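Below are the chains, spelled out letter by letter.
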Amino acid sequence: MSRLVTLHIDKQAHKFSAAHYTIFSATERERLHGHNYFLTTRIVAAMGENGFSADYNVYKRRIKALCDRYDEYMLLPEFSPYQTIERVGDEIHAHFAGRVLKFLADETWVLPVTNVTVEELSQLLLSELIAAEADPDLVEVELTVSSGSGQAASAIWRAD
Ligand SMILES: Nc1nc2c(c(=O)[nH]1)N=C([C@H](O)[C@H](O)COP(=O)(O)OP(=O)(O)OP(=O)(O)O)CN2
C-alpha cells in the first residue's frame, strides 16, 4: 500500500504583476488594469522511504521561474472569439469592438488562452509547471492563481 502525502507551497515570492483586461462579450470589456497575481500550489505524491515525497525546493524554483516569466508584462489572449491580435512591427495590436489597442511587443505576452482570467491563468501555469519535468511520483497537483485577496481559481492535474 502506498502512503500519499500533500505538500502545500504558499510563498510570498510566488507572485507576479501584470496588466490585462477581461473580455465579456463582443462589445464589453474591462478597462486596462493590473493585478498582483499570487500562486499557491498543492502537490500530492507518494511518501518516500527516507521521509519525504517530492522535493518542494524543485517546485518552489519552477513556480518562481514561472512568476518571473510573466512579471511586469501586458497579457493578451490569443484565442478570444471577440478580439483579434496582429503583430505590426514592434507592436501588438488588439482589435476589439472596432477599436485598436496598441502594446509594445517586447513587453507583451500573447497567451494561448481565450481570456486573461484567473481560471485560464491557473490552467496555463499548471500545464507549464507540469511540462517543465515529469515526476513519476506525482499523483495530483493543484495550482491556484489569485488576482487579489479573496478571489482565485484553481486548476488540477492528475496522473493517469
Ligand atoms: N470568473 C472571473 N471573473 C472575473 C475575473 C476573473 O479572472 N475570473 N476577473 C475580473 C477582473 O479582472 C478583476 O477581478 C478586476 O475586478 P475589480 O473588482 O475591479 O478589482 P479587484 O480585482 O481589485 O477586486 P476588489 O474586490 O475591488 O479588491 C472580474 N471578474
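Cut-offs used in this document
- Residues numbered from 1 in each chain as written.
- Predicted model: local features only at pLDDT ≥ 70, side-chain atom pairs only at ≥ 80, totals over all residues.
- Heavy atoms only, no water.
- Helix = DSSP H or I, 4+ residues; strand = E, 2+ residues; numbered from the N terminus.
- Buried < 20%, exposed > 50% of the residue type's maximum accessible area, 1.4 Å probe, protein only.
- Contact = heavy atoms within 4.5 Å.
- Near = heavy atom within 4 Å.
- Polar contact = N/O pair within 3.5 Å; in protein donor to acceptor, adjacent residues only side chain to side chain.
- Pairing = 2+ DSSP bridges.
- Phe/Tyr/Trp six-rings, centres within 6.5 Å; stacked < 30°, edge-to-face > 60°.
- Lys NZ or Arg CZ within 6 Å of the ring centre and 35° of its normal.
- Core = buried A, V, L, I, M, F, W, Y, C linked by side-chain atoms within 4.5 Å.

Student: Looking at this structure, I do not really get the side chain of T41. What am I missing?
Tutor: By the element assignment, T41 lies in strand 3 (residues 33-46). A relative accessible area of 4% means that T41 is categorised as buried. With near-sequence residues (within four places) excluded, T41 lies in contact with L7, H8, I9, I63, L129, V141, E142 and L143.

Student: When you look at the site of the ligand in this model, what are you seeing that I'm missing?
Tutor: In the neighbourhood of the ligand, the contacting residues comprise H20, T22, E30, H33, H35, T117, V118, E119 and Q151. Between the ligand and H35 there is a distance of 3.4 Å, counted from an oxygen atom to a side-chain nitrogen or oxygen. Interatomic distance of 2.8 Å between a backbone N/O atom of V118 and an oxygen atom of the ligand. Put simply, the parts of the chain that give the shell around the ligand at least two residues each are strand 3 and helix 2 (118-131).

Student: In this structure, what is going on with the pairing of strand 3? I would like to understand it.
Tutor: A regular strand places its side chains so that they alternate between the two faces of the sheet. Taken together, the six bridges between strand 1 (residues 4-9) and strand 3 define a ladder with antiparallel strand orientation. Paired with L7 across the strands is I43, a residue of strand 3. Of the strand pairs in this sheet, strand 2 (residues 15-20) and strand 3 are connected by six bridges, and their pairing is antiparallel. Note that in strand 3 the partner of F16 across the bridge is Y37.

Student: For this particular structure, what's the right way to read the packing of aromatic side chains?
Tutor: Each aromatic ring pair is specified by the distance between its two centres and by the angle formed by the two planes. Counted by the stated rule, this structure contains four aromatic pairs. Measuring from ring centre to ring centre gives 5.5 Å for Y70 and W109, while their planes differ by 65°; the resulting arrangement is edge-to-face. Note that Y70 is positioned in helix 1 (residues 56-70) and W109 in strand 8 (residues 108-111), a separation of 39 residues in sequence. By relative accessible area, which is 3% here, Y70 ends up buried. Measuring from centroid to centroid gives 5.9 Å for Y73 and W109, while their planes differ by 55°, and the two rings are tilted. In this pair, Y73 is assigned in strand 4 (residues 73-77) and W109 in strand 8, connecting sequence segments 36 residues apart. Clustering of aromatic rings is evident, with ring pairs tying together F16, Y37, Y70, Y73 and W109. A cation sits over an aromatic face here: R29 above Y21, 5.0 Å from the ring centre. Above the ring of Y59, the side-chain terminus of R62 is found at 4.8 Å from the ring centroid.

Student: For this particular structure, what's the right way to read the nonpolar core?
Tutor: The nonpolar side chains of soluble globular proteins are, as a tendency, buried together. Counting 31 residues, the largest nonpolar core has F16 and L125 as the members making the most contacts within it. Counting residues per element, the ones that place at least two in this core are strand 1, strand 2, strand 3, helix 1, helix 2, strand 9 (138-148) and strand 10 (151-158). Counting residues per element, this core draws most heavily on helix 2, which supplies seven residues. Not counting residues up to four positions away in its chain, the partners in contact with L125 are F16, L39, L66, Y70, L143 and V145.

Student: Would you mind going over the environment of I85 with me for this structure?
Tutor: Assignment of secondary structure puts I85 in strand 5 (residues 83-88). With relative accessibility at 30%, the residue I85 sits in the partly exposed group. Separated by ten residues in sequence, I85 and H95 place their C-alpha atoms 6.4 Å apart.

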